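What the coordinates show
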Amino acid sequence: MRHFPAFLDLLGRDVLVLGAGEAAERKSAPLAAAGARVRRAAHFAPELIDGVALAVGADAEEAELRALSAAAQARGIPVNIVDRPELCSFIMPAIIDRDPVTVAVSTGGAAPVLARMVRQRIEAMLPPTLGLLAALAGRMSAAVRRVLPEPGARRRFLERVLAGPAADLALAGRTTEAETAFARALDAADAASAGFVHLVGAGPGAADLLTLRAQRLLGEADVIVHDRLVSDAVLDMARRDAERIFVGKARANHCLPQEEINALLVRLAQAGKRVVRLKGGDPFVFGRGGEEADALARAGVPHEVVPGVTAALACAAQSGIPLTHRDAARAVTFVTGHTREGRLDLDFEALARPGQTLAVYMGISTLRDLEAGLLCAGLDASTPAAIVENGGTAEMRVLAGTLSSIARDGQGWSRGGPALVLVGEVVDLAAGSSAARLRLAEPCVQA
């Protein structure tokens with residue numbers, strides 16, 4: 001470690017910024033944000049560093065930058081000359097500001113652009129409201145020390161409470177409730193910690209389509225309860241020591257019945273676990289998230305729903321088929337192709353109305369029934385339609401054609417991956433004006 005990281009208290013203290021260009025402006029802003037009194041000068045004179053806590057040089061003549069560096073170091077004043085590490089006694093890092101949480105990233109002046117890239121990656125993983133959680137811990141610190149004077153017990157309590165319900169409430173901006181939950185946890189510091197369940201949408205499979213909140217929760221969970229549609233790439237983002245429980249379901253083949261999944265979530269939470277119930281797509285779009293949320297509520301288990309990218313959005317975006325379009329569809333309807341008591345329980349009259357797009361989930365096995373219902377309700381057999389399989393992943397395939405052609409060919413074409421059926425004029429728009437995008441699929445069109 002070439003440079004020792006430290007944070008300076010500059011509140012009310014003088015700093016010098018030498019230079020009159022854009023770089024000097026950029027360096028002045030975070031110093032001022034930290035409460036420093038920024039002195040600006042275009043040219044160097046020795047008296048400018050009298051009484052300053054640190055000095056920065058940018059956008060000035062070479063001789064003046066060297067003079068500033070030499071004078072400051074001779075008087076023990078930290079100095080930074082932008083992009084000149086050999087003239088610096090300290091490095092200005094890339095900063096992630098979640099006041100009062102501050103994260104600094106530095107490459108020792110070797111690659112400032114890389115430092116900014118690392119900062120952006122870290123910043124994407126930290127919730128914007130992290131400062132609210134830190135502030136809560138600060139307000140409660142005296143009470144924690146009083147109740148738990150032993151450092152080890154205090155550390156264990158804080159590790160638990162800062163990853164528990166009080167933290168979730170603070171990050172959600174519910175400050176008063178967070179303080180109440182923190183105080184309640186402190187009153188019961190010797191009792192078992194309370195559990196929490198997050199019903200999290202895993203999206204269509206690609207890890208980079210997870211929400212930032214989902215990514216954070218995966219890194220905090222004690223237990224991951226997941227479906228078969230959750231990809232390994234998403235599961236790899238979980239904490240390495242987190243327990244993983246597979247409860248995958250396929251049509252007519254349930255690894256664990258829904259009622260038992262509900263009971264499992266309740267049981268884990270009551271044992272004090274932080275649980276992520278990871279579901280493909282979005283929990284509330286044909287994902288039975290509503291049933292699980294209801295079971296948790298009836299059991300008094302605190303929980304939160306974290307939305308995910310649902311299949312219709314991922315399939316439409318990757319295949320280039322717009323769900324809505326001013327010239328073709330001003331509405332989109334999501335329906336399930338699962339049968340109820342052996343028949344499709346759908347309002348075909350409503351689904352056959354013009355000017356809309358139908359997005360049919362889990363509809364491969366009932367394609368013929370879907371076609372029959374729509375034709376009976378008046379929809380033309382030549383209406384553009386497509387099947388998008390494994391949408392949102394690198395394995396996406398598209399079968400584009402008409403309602404009748406996909407109903408005829410779809411089951412033989414499918415390889416068993418999750419598939420979405422799209423019906424409406426928007427399919428032809430994509431196949432015509434966006435043919436290049438559809439050519440990425442395999443096959444694009446099958447007669």
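Residues numbered from 1 in each chain as written. Predicted model: local features only at pLDDT ≥ 70, side-chain atom pairs only at ≥ 80, totals over all residues. Heavy atoms only, no water.

1. Comments concerning the sheet that holds strand β1 (residues 14–18)
Strands sit in the order β2-β1-β3-β4 across an open sheet of 4 strands; the sheet is parallel. Because the sheet does not close on itself, it has two edges, and the strands there are β2 (37–41) and β4 (79–81). Each strand axis lies, on average, 15° off the axis of its neighbour in the sheet, ignoring direction. The pairing of strand β3 (residues 54–57) with β4 spans 3 bridges and is classified as parallel. Bridge pairing in β4 links Val 56 to Asn 80. Packed onto the sheet, helix α1 (residues 22–33) meets β1, β2 and β3 and runs at close to 165° relative to β2. Taken strand by strand, helix α2 (residues 62–74) contacts β1, β3 and β4, and its axis lies near 160° from that of β4. (Pairing = 2+ DSSP bridges. Helix = DSSP H or I, 4+ residues; strand = E, 2+ residues; numbered from the N terminus. Axes fitted to C-alpha atoms, helices over the stretch in contact; angles between N-to-C directions. Contact = heavy atoms within 4.5 Å.)

2. Comments concerning the sheet that holds strand β16 (residues 384–389)
Spatially, 5 strands are ordered β14-β15-β18-β16-β17 in an open sheet, and the strand pairing comes out mixed. In this open sheet, the two edge strands, each paired with only one partner strand, are β14 (332–336) and β17 (397–402). Between one strand and the next, the sheet's axes are offset by a mean angle of 20°, whatever the strand orientation. Two elements, β14 and strand β15 (residues 357–361), share 5 bridges in a ladder whose sense is parallel. For Thr 333, the partnering residue across the bridge sits in β15 and is Leu 358. Here helix α15 (residues 403–413) sits on the sheet in contact with β16, β17 and β18 (419–423), set at roughly 145° to β17.

Spatial relationships are all this shows, so hold off on functional conclusions.
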